[in-house]
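# Analysis of the macromolecular model
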Amino acid sequence: MLPRYTNFKLYDPTIREQEFTLKYRQQLLQYELNKFKSSVSSIKSEINRYGEVIKTKLDNADLQTAVFDKLQNLCEQFQAATSSRITNKLNNLYRDTVLLPQRTQSYVNLSSTELTSAQTEVLSLGCKFSYKPKFDSLKQQTEMEI
């Protein structure tokens, strides 16, 4: 279930179950996940570039929507298979059920302005999230005393 490079041979069965061995294998898995996350961002930029090429090459609007719908379905199938594979690996690694975080949209955009992905991420953090103000507490206390 884990990547092949984490399957190193330990001849002592007690060492295989030691915390440092499991932690090392978890770190290797985390490294692999981070590597794949960076490759996903580069793939997304390529997808956007190819999307623009498709829009310029295809004149028929119905054909464009059919192509984009098919690509969207393929991406969703790939994402479902990938998250299932990762969940199974994590379940076997931690010997318990591990739930991956789900992206939910916890806000309603009532304005006509399109939000950027960064704005969407900040709004999705919820009502209890707030930025810390940039002020000097000592300066504020002295102003309050005056």
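Going by the structure above, here's the rest.
Quick look at the structure, then. (Residues numbered from 1 in each chain as written. Predicted model: local features only at pLDDT ≥ 70, side-chain atom pairs only at ≥ 80, totals over all residues. Heavy atoms only, no water.)

### With respect to the overall build of the chain
Here is the rule: Working definition: helices are DSSP H or I runs of at least four residues, strands are E runs of at least two. Numbering for both runs from the N terminus. Buried residues are those whose accessible area, probed at 1.4 Å on protein chains only, stays under 20% of the maximum for their type, while exposed residues exceed 50% and partly exposed ones sit between those limits. Throughout, a contact is declared for two residues whenever any of their heavy atoms are within 4.5 Å. For the area figures, the Shrake-Rupley method with a 1.4 Å probe applies, and any residue is considered shielded solely by the protein chains shown.
Assigned secondary structure in the chain consists of five helices and zero strands. Scanning the chain from its N terminus toward the C terminus, one meets helices and strands in the order α-α-α-α-α. Expressed as a percentage of the 146 residues in the chain, the buried residues total 12%. Across the chain, every contact between residues at least 6 apart in sequence was considered, and the portion connecting residues at least 24 apart equals 29%. As presented, the chain carries roughly 13,100 Å² of accessible surface, and 56% of it is formed by carbon and sulfur atoms.

### Description of the packing of aromatic side chains
How we decide: Note on ring pairs: Phe, Tyr and Trp rings are taken, using the six-membered ring of Trp, and paired if centres are within 6.5 Å. Classes follow the plane angle, with under 30 degrees stacked, over 60 edge-to-face and the rest tilted. Each ring is checked for a lysine NZ or an arginine CZ that lies within 6 Å of its centre and within 35 degrees of its normal; such an atom marks a charge sitting over the ring.
Going through the model one piece at a time under the given rule, you end up with zero aromatic pairs. Directly above the aromatic system of F36 lies the positively charged group of K35, at a separation of 5.9 Å from the ring centroid. The positively charged end of R49 is found above the aromatic ring belonging to Y50, 4.7 Å away from the centroid.

### Some points on unusual backbone geometry
The backbone phi angle of R95 is positive, close to 55 degrees, even though this residue is not glycine. Residue position: R95 is located in the loop between α3 (61–94) and α4 (117–124). Residue R95 is classed as exposed on the basis of its relative accessible area, which comes to 54%.

### A look at the pattern of salt bridges
The condition is simple: Take a side-chain nitrogen of Lys or Arg and a carboxyl oxygen of Asp or Glu: if they are within 4 Å of each other, that pair is a salt bridge.
Inspection of the entire model under this criterion finds one salt bridge. In this structure, K23 engages E19 in a salt bridge whose closest nitrogen and oxygen atoms are separated by 3.8 Å. Residue K23 and its partner E19 are both found in helix α2 (residues 19–57); the two are separated by four residues, about one turn of the helix. Accessibility expressed as a relative area gives 42% for K23, which makes it partly exposed.

Limitation: the analysis is restricted to geometry and does not speak to function.
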